[in-house]
Protein chains: 2
Amino acid sequence: MAYFDAASSAPLHPVARQALLASLDEGWADPARLYREGRRARMLLDAARETAAEAVGCRADELVFTSSGTRAVHSGIAGVLAGRRRIGSHLIVSAVEHSSVLHAADAHEAGGGSVTQVAVGRVGSVDVGTYAEALRPDTALACLQSANHEVGTEQPVAEVAAVCREAGVPLLVDAAQSLGWGRVEGDWSVLTGSAHKWGGPSGVGLLVVRKGVRFAAQGPGDERESGRAAGFENIPAIVAAAASLRAVRAEATQEAVRLRELTERIRARVPRLVPDVEVVGDPERRLPGIVTFSCLYVDGETLLHELDRAGFSVSSGSSCTSSTLTPSHVLKAMGVLSEGNVRVSLPFGTPEEDVERFLRVLAPAVAGMREQLGVPTPEKVVRDEDVLVVDSLGKRCPIPVIELAKVIGDVPVGGLVRVLSDDEAARLDIPAWCEMRGQEYVGEDPAEQGTAYLVRRIS
Amino acid sequence: MAYFDAASSAPLHPVARQALLASLDEGWADPARLYREGRRARMLLDAARETAAEAVGCRADELVFTSSGTRAVHSGIAGVLAGRRRIGSHLIVSAVEHSSVLHAADAHEAGGGSVTQVAVGRVGSVDVGTYAEALRPDTALACLQSANHEVGTEQPVAEVAAVCREAGVPLLVDAAQSLGWGRVEGDWSVLTGSAHKWGGPSGVGLLVVRKGVRFAAQGPGDERESGRAAGFENIPAIVAAAASLRAVRAEATQEAVRLRELTERIRARVPRLVPDVEVVGDPERRLPGIVTFSCLYVDGETLLHELDRAGFSVSSGSSCTSSTLTPSHVLKAMGVLSEGNVRVSLPFGTPEEDVERFLRVLAPAVAGMREQLGVPTPEKVVRDEDVLVVDSLGKRCPIPVIELAKVIGDVPVGGLVRVLSDDEAARLDIPAWCEMRGQEYVGEDPAEQGTAYLVRRIS
């Protein structure tokens, strides 16, 4: 059994477990109370705040604990937008932010605000110049993740923070994926984090708001956590979160080297072991533990099941997985293949043998699935002058791409294939296939049913 | 050492501790994932939901877990108000709700909604007829706690639910204080609870929305918990919350009898042991473990410190305690004395000896404090015809009442005492003193500085 989905949630770090157990007996009382149990709870809370602030690189009074990373993001975005309402209601996010940021942006837009999504390049990072162009006089807040949760690509946070600072716009950094590895460099204004991503317990997020940032907490409040996180403090979990953050940081430098070597091995060997694979994300500027690739002609959900049966827990940004019907917005924004997508995110301490075993089972699993999918004969192929029409209506990804691949050799170089599909994933995967295969993606037209995707044979 | 503040937060129940430990290793993964760790987390979450729903008396799909009781209240109120926006924007709350309800009401009012606070009688309960009168055609939601957190008085929830049902208005019941003791009876529509009040861990609340209630979750959402509680689920804590709720329920009937006898002992004996005490709250319709009383001529915070030094952790609704400068809104709404207020709330399993020891230390503590406060001579007493003026400006509660008590014998029966005070607590405590002492409280006038409170000597 190997758990390779640390980017979703890391197993509890032993230090987190110890700290949680120790503080269950000391930290259950109300820290606002004056009696001994309350004072003890307050001391634990204050000490945890100092520890977390030291790890983040901020003042203790700039940091509050929230009930989750998602809550930290929602409260942080809403608080700055409200605090800077007089400046304007324009919000900037990158196209590859975590869904909690994008949901907050949606809510802002639904409430009458305006949102700019900054596009990313094919490796998943924003360009600093492009980001800077999005800044406007009425920009209230800009958001940028420290590193991407699906492909591991690190964003140029310090550079973007500098251009934001120059424009007088606060930058909120969602540091959920990177905080265990180190501080976020640069002159950011607001930072959020999530304890269960670094091996802390569930139920704890961090919201850091630098002194001087205009902030007006939204929603009904109370006096806890500087009025920024209503509700009784979960002190045992907070203590465990802070203790484990310090513990993983102490191991981070060494472990980063080790995990980077292991993910580099996957990056290098998967394309050699498995034909028709695209490894995505920045090969250099990336988190140590995450590697993501997509396998042509493979259904993502089936591949997850196969790998689960072989003892590997991985995640996927393909459509049809985890009760979602559209492919990951991250892969979409990067314009890469989403078919048969696999994200491997190694937890601290992953043994080398587990990675080697994964590399051994992956190739036969993919080959078996491709064999099972067989070589489906396109059902209705209508030659219309020099356009070959493939009707994949009603067929789910990866069938449309497989059918395209089957017939591309049937048209002369310069000829066109028109793929009819009503699966949303085709919009992403047909262009990505063209890119991988060196064919020309001409564009799409609305068809009577679904959409027609036009591909020109080049080679 | 005796912890008598279970109404703030109960120590962790042994079953909660066991369940938490057991599920730390099983429940850390993302329950939305398809691999084994995710499926296992999902199973734990589903089982906990079934257990909690059984305890509440609702369907499992009506119950979601939130990150705190406060969050459940905020989300519940906002969701119903938004869901029934077309009916109107009128919200009803009782005057003695928990601050989380009142804060949500404030936020609603600040957003342009209207709020009616239903007054309570001297024992702290609403009158069903008075509550019914508050219902209007544009009432979107009515709120009523199951039992009061400061004085233990049970509210006529079933009766109020019936009149709300007849008017077609959903009733939200904040059951934080009573859920460990039993189900909330009656035809309520929405219910909230908080695990750390029944001995579960911090970080878990319950929000139950009956099928058929129009509900529109507010704020940025995600797919977790039916879209009603965004953020990664805290499964170990949820499992512990559900397991401990079942465990305390199994002990509740027997423990209720025992604790009721202990609090009855305090109710009966405190007035005999300590002169000038008012025991507040309903003597019959009340929670088993809570008893509250106020001691004339005593400063609440000092009394808490004295009791803490004697080994008792209790709470107070007096002003000047726990960084608040106004007396508890509950005592205020009840019109009872807030001076020297003490709330004793016994946790499950409180030994009889602890209560006996408390009764032994209370009287000398209060007597010592009264002695220390001494018999201050009113500084400026100006006889103005038959009105005696006491200038207590700049003096904090309980000094104004002490000075009033000193001079009341100096005016003839029918004569008036005019107390000048700029302490907000005097507005509550001078009328309460009159009620206790059988003197007539005439009313208040704005004075050049502070407020003048007029008292007529009757006896």
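Residues numbered from 1 in each chain as written. Chains lettered and ligands numbered in written order. Predicted model: local features only at pLDDT ≥ 70, side-chain atom pairs only at ≥ 80, totals over all residues. Heavy atoms only, no water.

- By the naming in an unreviewed UniProt entry, chain A is Cysteine desulfurase/sulfurtransferase TusA family protein, taken from Streptomyces osmaniensis.
- Recorded in UniProt under Cofactor (unreviewed entry), the annotation for chain A is "pyridoxal 5'-phosphate". (UniProt positions renumbered as here; feature names shortened; annotations may be inferred.)

Description of the packing of helix α7 (residues 235-273) of chain B against helix α10 (residues 352-373) of chain B
Residue and element names in this part refer to chain B.
Piece 1. Between α7 and α10, the shortest axis-to-axis distance is 11 Å and the interhelical angle comes to 15°. Here α7 lies roughly parallel to α10, going by the angle between them. Classified by chirality, the crossing of α10 by α7 is right-handed. Residues R258, L262, R265, I266, R269, V270 and L273 of α7 lie in contact with α10, whose contacting residues are E352, V355, E356, L359, L362 and A363. (Axes fitted to C-alpha atoms, helices over the stretch in contact; angles between N-to-C directions. Helix = DSSP H or I, 4+ residues; strand = E, 2+ residues; numbered from the N terminus. Parallel < 35°, antiparallel > 145°, perpendicular 65-115°, else oblique. Left-handed = near helix turned anticlockwise from the far one by under 90°. Contact = heavy atoms within 4.5 Å.)

Details of the pairing of strand β14 (residues 387-391) of chain A
Residues and elements named next belong to chain A.
Piece 1. The element β14 is extensively covered by neighbouring structure, given that five of its five residues are classed as buried.
Piece 2. Where burial is concerned, the two faces of β14 agree: the one with V387, V389 and D391 and the one with L388 and V390 are both buried.
Piece 3. Here β14 runs beside strand β15 (residues 416-421); their pairing, made up of five bridges, is parallel. Looking at the pairing, V387 lines up with L416 of β15. (Buried < 20%, exposed > 50% of the residue type's maximum accessible area, 1.4 Å probe, protein only. Pairing = 2+ DSSP bridges.)

A closer look at α7(B)
Piece 1. Its 39 residues place the ends of α7(B) only 48 Å apart at the C-alpha level, less than the 57 Å of an ideal helix rising 1.5 Å per residue.
Piece 2. The sharpest bend along α7(B) comes to roughly 55°, located at A252(B). (Expected span 1.5 Å × (residues − 1). Bend = angle between axes of the 7 residues up to and from the residue.)

As for the UniProt feature "domain: UPF0033" (unreviewed entry) in chain A
Piece 1. As recorded in UniProt, the sites labelled "domain: UPF0033" (unreviewed entry) are residues 390-414 of chain A.
Piece 2. Annotation note: span residues 390-414 of chain A, helix share 36%, strand share 8%, distance between end C-alpha atoms 17 Å.

A look at the relation of the copies chain B and chain A
The operation linking the two copies of the chain is a rotation about an axis combined with a translation along the axis.
Piece 1. Each copy superposes on the other: chain B lies on chain A with an RMSD of 0.0 Å after a rotation of 180° and an axial shift of 0.0 Å. Interpreted geometrically, this transformation is the action of a two-fold axis. Using C-alpha coordinates, one finds that chain B approaches the rotation axis most closely at S67(B), a distance of 3.0 Å.
Piece 2. Taken as a fraction of all interface residues of chain B, those also at the interface in chain A reach 100%, which identifies the copy contact as same-surface. (Least-squares fit on C-alpha atoms with pLDDT ≥ 70 in both.)

Observations regarding the packing of aromatic side chains
Any two aromatic rings considered together are summarised by their centre-to-centre distance and by the angle between their planes.
Piece 1. Scanning the model with the defined rule gives 12 aromatic pairs over all chains in all.
Piece 2. Their ring planes at 90° and their centres at 4.6 Å tell us that Y3(A) and W28(B) sit as a pair that is edge-to-face. Of this pair, Y3(A) sits in strand β1 (residues 2-3) while W28(B) sits in the loop between α1 (14-24) and α2 (36-56), on two different chains.
Piece 3. Overall, the relative accessible area of 12% leaves W28(B) in the buried class.
Piece 4. Judged by centre distance (5.4 Å) and plane angle (70°), the rings of F312(A) and F358(A) are edge-to-face. Taken together, the residues span a long stretch of sequence, with F312(A) in strand β11 (residues 312-313) and F358(A) in helix α10 (residues 352-373) at a distance of 46 residues.
Piece 5. By way of ring pairs, the aromatic residues Y3(A), W28(B) and Y35(B) are connected into one cluster.
Piece 6. Positioned above the aromatic ring of W188(B) is the side chain of R210(B), whose terminal nitrogen or guanidinium carbon lies 4.0 Å from the ring centre.
Piece 7. R228(B) extends its terminal NZ or CZ atom over the ring of F215(B), reaching a point 4.6 Å from the ring centre. (Phe/Tyr/Trp six-rings, centres within 6.5 Å; stacked < 30°, edge-to-face > 60°. Lys NZ or Arg CZ within 6 Å of the ring centre and 35° of its normal.)

Details of the domain arrangement of chain A
Residue and element names in this part refer to chain A.
Piece 1. When its domains are assigned, chain A resolves into domain 1 (9-248), domain 2 (252-373) and domain 3 (381-456).
Piece 2. One C-alpha centre belongs to domain 2, the other to domain 3; they are set 26 Å apart.
Piece 3. Taken together, the 20 residues of domain 2 in the interface contact 15 residues of domain 3.
Piece 4. Both sides of the domain 2 and domain 3 interface together cover about 1500 Å² of buried area, and 67% of this is carbon and sulfur.
Piece 5. Summed over the shared surface of domain 2 and domain 3, the number is one salt bridge.
Piece 6. D276 is the salt-bridge partner of R437, the closest N and O atoms lying 1.9 Å from each other.
Piece 7. Here domain 2 and domain 3 share four residue pairs in polar contact (both at pLDDT 80 or more) between them.
Piece 8. Those elements that provide at least two residues to the side of domain 2 that touches domain 3 are β9 (277-280) and α9 (329-334). (Domains from an automatic or database assignment. Buried area = accessible area lost by both parts, 1.4 Å probe. Salt bridge = Lys/Arg side-chain N within 4 Å of Asp/Glu carboxyl O. Polar contact = N/O pair within 3.5 Å; in protein donor to acceptor, adjacent residues only side chain to side chain.)

Some details on the environment of M1(B)
Piece 1. With respect to the helices and strands, the residue M1(B) is situated in the segment before β1 (2-3).
Piece 2. The sequence separation of M1(B) and P347(B) amounts to 346 residues, and the corresponding C-alpha distance is 13 Å.
Piece 3. Sequence-distant contacts of M1(B), that is, excluding residues within four places in its chain, are made with R36(A), G311(B), D354(B) and R357(B).

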